[in-house]
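Coordinate analysis (summary)
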Amino acid sequence: CPYNNFYKAIIRRKYMEVHYGLLLKKSWNDLKKNIIIFLPLVFALIFSLLFVLLVVLEVFGFIAAGISVETVSVGFIAVAIVVGLVDLLLLILIDAVIGGMYLGLLNAITTRKKALTSDMWAGMRKFSGLYFNVSMIQLSIFLVPLFIIGILVGLGFLANTALGVFLAFLLGGIYLLYIICAAVI
């Protein structure tokens, strides 16, 4: 392997000293060989700008429909929730596409020491679905219990205000502990 002498220069086995200057130089040279690793950032910027434009158009659409903060109705809340969920799914999809691009590039860099744009597109096709599924599972780990707690607290408020407040504090505390445990795991 051509890197063996270089690695021996970086790490001396006798004293296990690491020469950080040589390691930094090698990392910089490897980055210069694979500058394509920054290409998904360009796509992330483009997708982010398009998403912001979409949200601005949605806000102007709500304003043009005559919906304001003073005239909030149940129908507006339902439409806003649907639009918000669609936007959330779109954000997760954009994240999955960009993550798939990175995974394709990083896979090529670690296996062949060189990445091409075709590796980025192949990674997007190969890994985006998996990345999207994992993101949806992670999101459901946090949102499904929150949805259930919201229903229970809402039912508690329908039965009695004191019961609703008690359930909100009790289940909110349990949910906070659940989030901490899920984040650690």
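Everything below is about the structure printed above this text.
What comes next is a walk through the structure. None of these values were measured; they are calculated from a predicted model.

**Here's the deal with the side chain of N34**
- With respect to the element layout, N34 can be found in the loop between α2 (20-33) and α3 (39-64).
- Given the relative accessible area of 5%, N34 is considered buried.
- Engagement of the side chain of N34 in a polar contact is seen with the backbone oxygen of K113, the distance being 3.3 Å.
- A distance of 3.1 Å separates a polar atom in the side chain of N34 from the backbone nitrogen of A115.

**As for a nonpolar patch on the surface**
- Together, V144, F147, I148, I151, L152, L155 and L158 give the surface a local cluster of nonpolar side chains, amounting to about 710 Å² of exposed area.
- Mapped onto the fold, L152 is located in helix α5 (residues 117-159).

**A word on helix α4 (residues 74-112)**
- If you check α4, its first and last C-alpha atoms are 57 Å apart, about what 39 residues at 1.5 Å a residue would give, namely 57 Å.
- The complete set of buried residues in α4 reads D87, I92, I94, A96, V97, I98, G99, G100, M101, G104, L105 and A108.
- Tucked inside the fold, the buried residues of α4 contact α3 and α5.
- Immediately downstream of α4, the backbone of K113 shows phi near 65°, a positive value.

**Observations regarding the pattern of salt bridges**
- Scanning the model with the defined rule gives 1 salt bridge in all.
- Between R112 and D119 there is a salt bridge, with the nearest N and O atoms lying 2.4 Å from each other.
- Accessibility expressed as a relative area gives 46% for R112, which makes it partly exposed.
- Overall, the relative accessible area of 13% leaves D119 in the buried class.

**Examining the packing of α3 against α5**
- Orientation of α3 relative to α5, taken along the N-to-C sense of each, is 55°, at an axis distance of 11 Å. The angle between α3 and α5 places the two elements in the oblique class. Where α3 approaches α5, its residues L39, P40 and F43 are matched on the opposing element by T117, M120 and W121.

**Brief notes about the packing of aromatic side chains**
- A complete count under the given rule lists 2 aromatic pairs for this structure.
- Note on F43 and W121: the rings are 5.3 Å apart at their centroids and 75° apart in plane angle, and the pair reads as edge-to-face. Of this pair, F43 sits in helix α3 while W121 sits in helix α5, placing them 78 residues apart in sequence.

Parameters and conventions
Residues numbered from 1 in each chain as written. Predicted model: local features only at pLDDT ≥ 70, side-chain atom pairs only at ≥ 80, totals over all residues. Heavy atoms only, no water. Helix = DSSP H or I, 4+ residues; strand = E, 2+ residues; numbered from the N terminus. Buried < 20%, exposed > 50% of the residue type's maximum accessible area, 1.4 Å probe, protein only. Polar contact = N/O pair within 3.5 Å; in protein donor to acceptor, adjacent residues only side chain to side chain. Patch = residues over 30% accessible without salt bridge, like charges linked within 9 Å, V, L, I, M, F, W, Y side chains within 5 Å. Areas by Shrake-Rupley, 256 points an atom, 1.4 Å probe, with all protein chains shown as cover. Salt bridge = Lys/Arg side-chain N within 4 Å of Asp/Glu carboxyl O. Expected span 1.5 Å × (residues − 1). Contact = heavy atoms within 4.5 Å. Axes fitted to C-alpha atoms, helices over the stretch in contact; angles between N-to-C directions. Parallel < 35°, antiparallel > 145°, perpendicular 65-115°, else oblique. Phe/Tyr/Trp six-rings, centres within 6.5 Å; stacked < 30°, edge-to-face > 60°.

Interpretation in functional terms is not warranted from these geometric data alone.
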